[in-house]
Amino acid sequence: MSPASTLRMAVLALLWGSGFLWIKLALDHGLSPAQITIVRCALGTATLLVLARAAGQRLPRSRAAWGHLVVAALFCNAIPFALFAVGEQNLDSGIAGVLNATTPLWSLLIGVLLGTDRGLRPLRLAGLLLGFAGTVLIFAPWQRSGLLSWSALALLGAAASYAVAFAYMARKLTDKRAPMAMSAAQLMVATGWTTLSLPVAGPVEADLTALLAVTALGVLGTGVTFYLNYRLIADEGPTSAATVGYLLPVVSVALGALVLGEQVGIRVLTGMAIVLTGVAMTRPRAARGGAGAAARATTAARGGAGSATSATRATAAAPGRAGSAGSAVQATTAAPGRA
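Residues numbered from 1 in each chain as written. Predicted model: local features only at pLDDT ≥ 70, side-chain atom pairs only at ≥ 80, totals over all residues. Heavy atoms only, no water.

### Overview of the packing of aromatic side chains
Stage number 1. All told, the structure shown has five aromatic pairs when counted by the stated rule.
Stage number 2. Judged by centre distance (5.0 Å) and plane angle (70 degrees), the rings of Trp106 and Phe132 are edge-to-face. Note that Trp106 is positioned in helix α6 (residues 103–114) and Phe132 in helix α7 (residues 122–139), a separation of 26 residues in sequence.
Stage number 3. Cluster of aromatic residues (ring-pair linked, three or more members): Phe20, Phe84, Tyr162 and Phe166.
Stage number 4. Seen from the ring of Phe81, Arg40 lies directly overhead, with NZ or CZ sitting 3.6 Å from the centre. (Phe/Tyr/Trp six-rings, centres within 6.5 Å; stacked < 30°, edge-to-face > 60°. Helix = DSSP H or I, 4+ residues; strand = E, 2+ residues; numbered from the N terminus. Lys NZ or Arg CZ within 6 Å of the ring centre and 35° of its normal.)

Have a look at this one:
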């Protein structure tokens, strides 16, 4: 890997992993979950429209494409973006980053239930069970100090929503042309979805910190990250780009501890390691070998972030990014990610 690609990967992991930090800061300084989600989608759209125009890419023109984007935007952007903000009202940003990494587990489970993933060998099944066992360990429902709550379920719901979106996008959004324009279109539709929450968004009581945090989330964590991921895949291949997904929980936990003073117990760290081990085990044999599965159409995340053309997603390779735009060239097993 070239020095430029290594730097791009490091910046990508930092920006995607910091998405959960920006959400927490925006919440703590006066913005509601609905307000964060609306502004994030709008700024991400504007950023990707500029990048698409610079690349000479045009928005889709067919009604069929826009119809599919309506569904993809709902499950890959509007719902998970909102649920991450709701969940972080009562849980740490680091926990949100760790639970976002469960997206590939949900993707595999959905694939098995729908009969679209028939390669469930014993190793992958063990990885699925191990990953969910790690999630249970993080929650520790047997302890009074455990993390099981409606907020935790919201975070898991966000990860599951990414998985639903990736399953849909893999079948319906397979056009590899103009990925940045398709992603911009998807976020544009997501902005429309999120504006439906305006009546319950509440008054704006944000300070400068909240405004800066949501701007970073929308422009850097949702728009620029897609471009960086796109370039990384073009230069090094989707398998290398998918590796970023394994760094997101580590980045989110580290930033939460360093910037916000979040306490990270040994149980959460152990659960995170178990989840990531389980995710690695669920990767198809071709992906573990480093080649073919990376071009399959679930990441991202990670937000993956958690984005629109499924053909170039490394879908069985990375734990997801909540911070991503959720569209095209994500490593989506899942984006942002995608936070």
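### Quick word on a nonpolar patch on the surface
Stage number 1. On the surface, Leu49, Leu59 and Met188 cluster together into a nonpolar patch covering about 200 Å² of accessible area.
Stage number 2. By the secondary structure assignment, Leu59 is in the loop between α3 (33–54) and α4 (63–87). (Patch = residues over 30% accessible without salt bridge, like charges linked within 9 Å, V, L, I, M, F, W, Y side chains within 5 Å. Areas by Shrake-Rupley, 256 points an atom, 1.4 Å probe, with all protein chains shown as cover. Salt bridge = Lys/Arg side-chain N within 4 Å of Asp/Glu carboxyl O.)

### Description of the layout of surface pockets
Stage number 1. If you add up the space inside the second largest pocket, you get close to 170 Å³.
Stage number 2. What lines the second largest pocket is a set of 13 residues, among which Ile95, Gln263, Val264, Gly265 and Val268 lie closest to the centre.
Stage number 3. Of all the secondary structure elements, the ones that give two or more residues to the lining of the second largest pocket are α5 (93–100) and α13 (266–282).
Stage number 4. With three residues, α13 is the single largest residue contributor to the lining of the second largest pocket. (1 Å grid on protein atoms, 1.4 Å probe; cavity = no way out; pocket = protein on both sides within 12 Å on 5 of 7 lines; lining within 4 Å. Points joined across faces, edges and corners; volume = space filled by probe spheres on them.)

### Examining the side chain of Arg8
Stage number 1. Mapping Arg8 onto the fold places it in helix α1 (residues 3–17).
Stage number 2. Owing to a relative accessible area of 14%, Arg8 belongs among the buried residues under this scheme.
Stage number 3. Setting aside its immediate chain neighbours within four residues, Arg8 contacts Leu228, Arg231, Leu232 and Asp235. (Buried < 20%, exposed > 50% of the residue type's maximum accessible area, 1.4 Å probe, protein only. Contact = heavy atoms within 4.5 Å.)

### Details of α13
Stage number 1. Between its terminal C-alpha atoms α13 stretches 24 Å, which fits the 24 Å expected from 17 residues at 1.5 Å a residue.
Stage number 2. Among the residues of α13, those classed as buried are Val268, Gly271, Met272, Val275, Leu276, Gly278, Val279 and Thr282. Relative to the axis of α13, the buried residues are bounded by an arc of 160 degrees and lie together on one face.
Stage number 3. Packed against the buried residues of α13 are α5, α6, α7 and α12 (244–260). (Expected span 1.5 Å × (residues − 1). Arc of directions from axis to C-beta.)

### Here we look at the environment of Trp66
Stage number 1. Here Trp66 shows up in helix α4.
Stage number 2. Taking relative accessible area as the criterion, Trp66 reaches 25% and is therefore assigned partly exposed.
Stage number 3. Leaving out residues up to four positions away in the same chain, Trp66 has contacts with Leu59, Pro60, Arg61, Ala185, Met188 and Val189.

### Side note on the environment of Val264
Stage number 1. Positionally, Val264 belongs in the loop between α12 and α13.
Stage number 2. By relative accessible area, which is 32% here, Val264 ends up partly exposed.
Stage number 3. Along the backbone, Val264 and Asp92 are 172 residues apart, and their C-alpha atoms lie at a distance of 9.3 Å.
Stage number 4. Once you skip the residues sitting within four places of it in the chain, Val264 turns out to touch Val253, Ala257 and Leu269.

### Here we look at unusual backbone geometry
Stage number 1. Positive phi, normally seen in glycine, also occurs at Ala178, with a value near 45 degrees.
Stage number 2. Mapped onto the elements, Ala178 comes out in the loop between α8 (150–172) and α9 (179–195).

### Comments concerning the packing of helix α2 (residues 19–28) against helix α10 (residues 208–236)
Stage number 1. Direction vectors running N to C along α2 and α10 enclose 150 degrees, while the axes themselves pass 8 Å from each other. When the axes of α2 and α10 are compared, the pair comes out roughly antiparallel. With respect to the hand of their crossing, α2 and α10 are arranged in left-handed fashion. In this structure, α2 uses Gly19, Trp22, Ile23, Leu25 and Ala26 to contact α10, whose residues at the interface are Ala210, Ala213, Ala216 and Leu217. (Axes fitted to C-alpha atoms, helices over the stretch in contact; angles between N-to-C directions. Parallel < 35°, antiparallel > 145°, perpendicular 65-115°, else oblique. Left-handed = near helix turned anticlockwise from the far one by under 90°.)

### Re the confidence of the model for the protein
Stage number 1. Counting all residues, the mean pLDDT for the protein is 81, and 80% of those residues have values of 70 or more.
Stage number 2. Here helix α14 (residues 285–289) stands out as the least confident element of the protein, with mean pLDDT 52; α2 is the most confident, with 97.
Stage number 3. Below a pLDDT of 50 lies the segment residues 288–337, which in the model reaches 343 contacts outside its immediate sequence neighbourhood of four places, other chains included. (pLDDT = per-residue confidence, 0-100.)

### Here we look at the environment of Thr135
Stage number 1. Secondary-structure assignment places Thr135 in helix α7.
Stage number 2. Along the chain, Thr135 and Val275 lie 140 residues apart, while their C-alpha atoms are 6.6 Å from each other.

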